[in-house]
Amino acid sequence: MAEQGQLRRVITNLAHGGHALLDEADPDQKIVESQDGLSALSTVVQEPAETAAHVRTTSFQYLFADLADGFPAHHLPQDDIAEVVNALLDLGAAVVETPEEVRDPLLNSPIPTIYTYWGQFVDHDLTAATDNDLTISITDENLPPVKPEEVIKRLKNLRTPALNLDSVYGDGPFAVPAADQNSVPYDGIKFRLGLLTPTPVGVLIPPVDDMQRDLPREDDEKHTPLIGDTRNDENLVVAQLHVAFLRFHNASVDWVRENEPERESDVEVFQRARDLTRWTYQWLCVHDYLRTVARPDVVDLVDTADENLLHMDRRGTYMPIEFSVAAFRFGHSMVRGAYDWNRNFGRPGDNVTPIATLQQLFQFTGKGGFINDAPTLPSNWPVEWDRMVDKNSQFANRFARLIDTKIAPPLADLRNEGEDPKLTERIRELLKQLARRNLLRGYRLAAPTGQAVAKALGVAPLSRTELEQGSSDKVKAALNRSALFDHTPLWFYVLKEAEIRELGRRLGEVGSRIVAETIVGQVRQDSGSYVNQTSWSPAQGVLLPNGRPVRTIADFLRFAGVL
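Rules used throughout
Residues numbered from 1 in each chain as written. Predicted model: local features only at pLDDT ≥ 70, side-chain atom pairs only at ≥ 80, totals over all residues. Heavy atoms only, no water. Patch = residues over 30% accessible without salt bridge, like charges linked within 9 Å, V, L, I, M, F, W, Y side chains within 5 Å. Areas by Shrake-Rupley, 256 points an atom, 1.4 Å probe, with all protein chains shown as cover. Salt bridge = Lys/Arg side-chain N within 4 Å of Asp/Glu carboxyl O. Lys, Arg positive; Asp, Glu negative; His and termini not counted. Charge placed at Lys NZ, Arg CZ, Asp CG, Glu CD. Helix = DSSP H or I, 4+ residues; strand = E, 2+ residues; numbered from the N terminus. Buried < 20%, exposed > 50% of the residue type's maximum accessible area, 1.4 Å probe, protein only. Pairing = 2+ DSSP bridges. Phe/Tyr/Trp six-rings, centres within 6.5 Å; stacked < 30°, edge-to-face > 60°. Lys NZ or Arg CZ within 6 Å of the ring centre and 35° of its normal. Core = buried A, V, L, I, M, F, W, Y, C linked by side-chain atoms within 4.5 Å. Contact = heavy atoms within 4.5 Å. pLDDT = per-residue confidence, 0-100.

**Notes on a negative patch on the surface**
A surface patch of like charges, here negative, comprises Glu218, Asp219, Asp220 and Glu221. Along the polypeptide, glutamate 218 turns up in the loop between β8 (190–191) and α10 (236–259). A residue is classified by how much of its surface remains accessible, and glutamate 218, at 32% relative accessible area, is partly exposed.

**Notes on the pairing of strand β4 (residues 108–112)**
Within β4, four of the five residues are buried, which leaves the element mostly enclosed by the surrounding structure. Of the strand pairs in this sheet, β4 and strand β12 (residues 399–401) are connected by two bridges, and their pairing is antiparallel. Bridge pairing in β12 places asparagine 108 opposite arginine 401.

**Let's talk about the environment of glycine 331**
Note that glycine 331 resides in the loop between α13 (321–324) and β10 (338–339). Put simply, glycine 331 and glycine 119 are 212 residues apart on the chain and 7.0 Å apart in space, counted from C-alpha to C-alpha.

**Observations concerning the packing of aromatic side chains**
Here the structure, examined in full by the defined rule, presents 22 aromatic pairs. Ring geometry for tyrosine 289 against phenylalanine 328: centres 6.4 Å apart, planes inclined by 75°, an arrangement best described as edge-to-face. Pair noted here: tyrosine 289 is in helix α11 (residues 266–293) and phenylalanine 328 is in the loop between α13 and β10, with a separation of 39 residues, a long-range link. Accessibility expressed as a relative area gives 9% for phenylalanine 328, which makes it buried. An aromatic cluster of at least three residues, connected via ring pairs, comprises Trp118, Phe121, Phe245, Phe248, Tyr281, Phe556 and Phe559. Its guanidinium or amino end placed over the ring of phenylalanine 485, arginine 464 lies 3.9 Å from that ring's centre, counting from NZ or CZ.

**A look at the nonpolar core**
In terms of nonpolar packing, the biggest core is built from 153 residues, with Trp118, Phe330 and Trp341 touching the most fellow members. In this structure phenylalanine 330 touches Tyr289, Val293, Ile403, Trp491, Leu495, Leu507 and Val515, once residues within four positions along its chain are discounted.

**Considering the environment of histidine 332**
Position of histidine 332 among the secondary structure elements: in the loop between α13 and β10. Sequence separation between histidine 332 and asparagine 438 is 106 residues; the distance between their C-alpha atoms is 9.8 Å.

**Digging into the confidence of the model for the protein**
On average, residues of the protein score 88 in pLDDT, and 86% of them reach the 70 mark or higher. Scored below 50 in pLDDT, residues 1–8 shows 29 contacts in the model against residues more than four places distant or in partner chains. Predicted confidence for residues 20–54 stays below pLDDT 50, and this span has 101 contacts to residues more than four positions away or in other chains.

**A word on the pattern of salt bridges**
Side chains that differ in charge, positive against negative, can pair when their charged atoms come close. Overall, the coordinates contain 31 salt bridges when judged by the stated rule. Here arginine 291 ties to aspartate 300 by a salt bridge, and the two come within 2.4 Å at their closest N and O atoms. Among the residues examined, arginine 291 registers a relative accessible area of 23% and is labelled partly exposed. A salt bridge links glutamate 517 to arginine 513, with the nearest nitrogen and oxygen atoms 3.1 Å apart. Of the two residues, glutamate 517 and arginine 513 are both situated in helix α22 (residues 509–525); the distance of four residues between them amounts to about one turn of the helix. A single burial state applies to glutamate 517 and to arginine 513, both of which are buried. Connected through shared salt-bridge partners, Asp340, Arg343, Arg347, Glu384, Arg387 and Arg398 make up one network.

**Some points on unusual backbone geometry**
Of note, the bond from proline 206 into proline 207 is cis; its omega dihedral lies within 30 degrees of zero at -5°. With respect to the helices and strands, the residue proline 207 is situated in the loop between β8 and α10. The peptide bond linking arginine 347 to proline 348 adopts the cis configuration, its omega dihedral lying at 15°. Structurally, proline 348 is set in the loop between β10 and β11 (356–357). The phi angle at leucine 165 is positive, at roughly 60°, despite the residue not being glycine. For leucine 165, the location among the structural elements is in the loop between β6 (155–157) and α9 (166–169). The class of leucine 165 is buried, set by a relative accessible area of 0%. Non-glycine residue alanine 483 carries a positive phi angle of around 60°.

And the structure:
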């Protein structure tokens, strides 16, 4: 049991993009527990309701405080809420790729697939939202935006917004787990791994004698993953990435024992291996991930500044609304509808099928139920990471889609969402459509407009001509409603800026600033991060067998033994 006033490190039953609602909410509010990915807080933190109410949280705030203080002047229109909601619903439907766009090779980016899901992993490591007695459901018939001061007061984060891998380490190997709670399982000071379930379909994925390539799971009908954040089992890509993090730590334990024999006790070795894993991850987030998905000059500007340019370091620990509900959701546009996954579900195409669909990657998880009553991941489904990291691959479907205002069709029909038969048809339909959910949540949580943020940063806002450029008639019609051409939702604006000013190859200046300021700012805020160690770099970290440091995400996977 977590002590009152402590952050709970193992989080369960929280849907992607969902929030936890305090158990003492009134009955009308608790209706939304089965809607829009909301769950009772007690189930999320695995505590009795009276204890859950006192589990410590951190804050959400606005990165652009002056814009929030001027609400609603810098936000979407408020005069006809129903009309704005309808415009957002139209816009969310209009951004889904057409069949012709799905087949268009020009809509592939130069960014390998791994960066899409590394970003999702980072998101889960930074945020797990809870609502303090406030219904923020986006499924209401009436959707008035919540005033910024109320959002700050009510919306709380169950995570410390730092890249500290709480989602991996849970409560650590030395905590005594409660009998009635899931905890991250350790074998000594290493993580326990899950075993693949043998299947006669297809071929084994090399190395064929390595069966420890699934998450550890409960032996129950839900195949519950025993990890620090069960959201990392919502699709197979992020689940396999989580396995890589478990194995990186385990390899770090071996490396420390071999190369730093002065660390004799299990406590010393564990703490050193955890630090090296965290610092490598943090360094890669700044120097590989950010410099790939964002403008490198903007990342350099933020990373080399004496202090955070938006003064995050002066306002305590918090997670910016503009990042979490808008800018960092840029990754949704990078998702493909199908992947060259492994030799069974990908090239050469003659073992099982020539591709793995996104729907299958949601199915082959604990939440998706696997197939044929398999208790763990079938042995024909582990990822072949070499297909996900190669920046020089000749195959188009080994890259992410462009960062633009187009969303893969499966994200308009999410497999594991909106399945509750007690919900109305309208709500079930809404919950399956990710773009609509993003737009409505940004409106509900009073995210400022893209134009307002651009002006605050001293960046020339997108013109109407730029907003229209390359947009379909349906997108233009939606933006024409409720003056959205002049007051554009921040999430859509960030995508359009990338599409027009960076040709979809990376984030534009506004998107890059929000994302870089937040990630670099959180690393600086963390007293235990690599930037707060004496001149630490990967050269002082774990080394690959050839003696090279880990300087890329591909190197990270190699050290973990999965590439």
